[in-house]
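One letter stands for each residue in the lines below.
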Amino acid sequence: MVTLSLCGDVMTGRGVDQILPHPGDPRLREPHAPGALSYVALAEAASGPIPRPVDYAWPWGEALPVLAGLAPDVRLINLETSITRSSDFDPGKTVHYRMSPANIACLAAARPDVCVLANNHVLDFGRRGLTETLDTLARAGLPAVGAGRDCAAARRPVPVTLAGGGRVVVFACGDRSSGIPPGWAAGDARPGVDLLAGLRTGDADQVIARVRATRRPGDVTVVSLHWGSNWGYEVGSEQAAFAHRLIEGGVDLVFGHSSHHPRPLEVYRGKLILYGCGDFIDDYEGITGYEEYRDDLRLLYVAQVRRGTGELAGLTMVPLQAHRMRLRHASAADARWLAATLDRVSAPLRTRVALEPDGVLTARPAGEVEPDDDASMREPISAERIAHRPQGHKGVEALGGDVEPRLL
């Protein structure tokens with residue numbers, strides 16, 4: 001069995017960067033926020049004072065002891081910020097994310113094995129910013145996938161060797177539907193991201209060909225996709241067909257992200273498709289609008305995959321909540337809301353989501369036996385491993401002002 005943890009969008013730039021020990025230049029070019037400290041002020045108005053500077057582990061909060069308890073073999077994150085001192089604001093973007101390279105220890109605190117860069121913020125500060133991002137990650141020993149100094153590097157997968165043999169091999173690409181500008185595509189001698197031409201069958205087949213060319217017996221293959229809209233639960237037919245084609249072609253897990261909240265998931269032919277993992281770390285507290293999606297609630301996905309077949313043996317989702325730019329355990333009521341919502345929106349995909357007695361969410365194909373009847377579906381997770389301490393939900397306050405970081 002191979003256990004993988006998957007985090008959605010990790011956005012440690014902008015406001016989050018400002019509360020860390022070595023904040024970068026706070027100036028922005030957003031129409032509603034002159035500086036990154038505006039987002040810190042909004043979070044404090046909504047949730048209370050944030051000590052400054054915080055330690056590097058602060059944004060991860062209770063996610064770190066959860067990860068330590070679950071001990072995944074491989075940790076994946078979608079790193080959705082540039083790490084740079086560059087001031088080359090992309091003129092085509094209204095929102096720009098950057099984290100100071102001096103704060104790289106914030107990412108290292110979670111010990112990610114792979115950082116996905118094929119997204120719509122990694123080039124917010126131009127190709128110079130991307131190059132510095134790549135260099136900073138490399139110096140910190142944090143492997144990156146989905147972006148590079150040329151097309152070949154951007155498409156190069158990252159293999160993670162497992163104890164006892166075998167590998168998890170991660171591929172990453174993005175689609176324009178997530179807001180990635182066409183000009184960000186890597187070229188023969190141009191830094192950039194691995195940008196899909198589209199979501200047609202032929203585009204999926206090109207990804208499948210790369211997977212097959214790399215795969216060895218015993219490997220588990222993951223394709224990360226930055227795609228889709230920021231809001232909403234509908235999975236378009238084009239997205240579903242693309243993900244299904246990948247699974248049919250031999251991919252073991254589809255790791256989708258871009259939406260600001262968790263979207264439906266599917267167990268297709270015994271393998272996991274996450275259409276949108278939602279944000280994990282960001283500076284969105286206190287910003288009004290779209291409250292019905294409860295984007296303050298976050299999920300840490302932990303998938304158990306069978307070696308040899310790549311089939312899903314179990315999926316645990318740990319509910320968390322952003323509070324004072326730090327992750328804490330979601331309340332029991334919020335966990336119930338998440339479970340009911342994901343169950344409702346995933347049911348059309350013949351996948352059911354349930355809240356377990358230990359406070360985590362699980363998923364299984366519709367019609368499959370409940371875990372109490374088949375203990376092999378999920379390794380039992382004790383209260384000590386989750387360290388669940390429910391917190392109350394304060395809600396998002398209407399603070400006035402039209403700060404809107406949620407564009408693209």
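Rules of the game
- Per chain, residue numbering runs from 1 following the sequence as it is written.
- pLDDT decides what is reported in this predicted model: residues at 70 or higher carry local features, side-chain atom pairs at 80 or more are listed and counted, and totals for whole chains, interfaces and linings draw on all residues regardless.
- With hydrogens and water excluded, all non-hydrogen atoms of the structure serve as input to the side-chain values.
- Secondary structure elements are defined from DSSP: runs of H or I of at least 4 residues count as helices, runs of E of at least 2 residues count as strands, and each element is numbered from the N terminus.
- The cut-offs for exposure are 20% and 50% of the maximum accessible area for each residue type, with area from a 1.4 Å probe on protein chains only; residues under the lower value are buried, those over the upper are exposed, and the others partly exposed.
- Here, any two strands with at least 2 DSSP bridges between them count as paired.
- Only the stretch in contact is used when fitting a helix axis, every axis being a line fitted to C-alpha atoms; angles between N-to-C directions are given from 0 to 180 degrees.

Visitor: What is the right way to read unusual backbone geometry from this model?
Guide: The bulk of non-glycine residues show a negative phi, and the bulk of peptide bonds are trans. With omega at -5°, the peptide bond leading from arginine 52 into proline 53 counts as cis. Relative to the elements of secondary structure, proline 53 occurs in the loop between α2 (37–47) and α3 (63–70). Of note in this structure, arginine 14 is not a glycine but carries a positive phi near 50°. Along the chain, the position of arginine 14 falls in the loop between β1 (2–10) and α1 (15–19). The buried category is assigned to arginine 14, whose relative accessible area is 2%. The backbone of arginine 111 sits at a positive phi, close to 50°, despite the residue not being glycine. Note that arginine 111 resides in the loop between α4 (105–108) and β5 (114–116).

Visitor: Would you mind going over the sheet that holds strand β14 (residues 271–274) with me for this structure?
Guide: Pairing between the strands of a sheet is mediated by backbone hydrogen bonds and can be parallel or antiparallel. Sheet architecture is open: six strands sit in the order β8-β9-β11-β12-β14-β13, paired in mixed fashion. Each of the sheet's edge strands pairs with one partner strand only, and the pair in question is β8 (158–161) and β13 (265–268). Ignoring strand direction, the axes of neighbouring strands in this sheet form an average angle of 20°. Pairing between strand β11 (residues 220–226) and strand β12 (residues 253–257): five bridges, direction parallel. In the strand pairing of β12, valine 223 is matched with valine 254.

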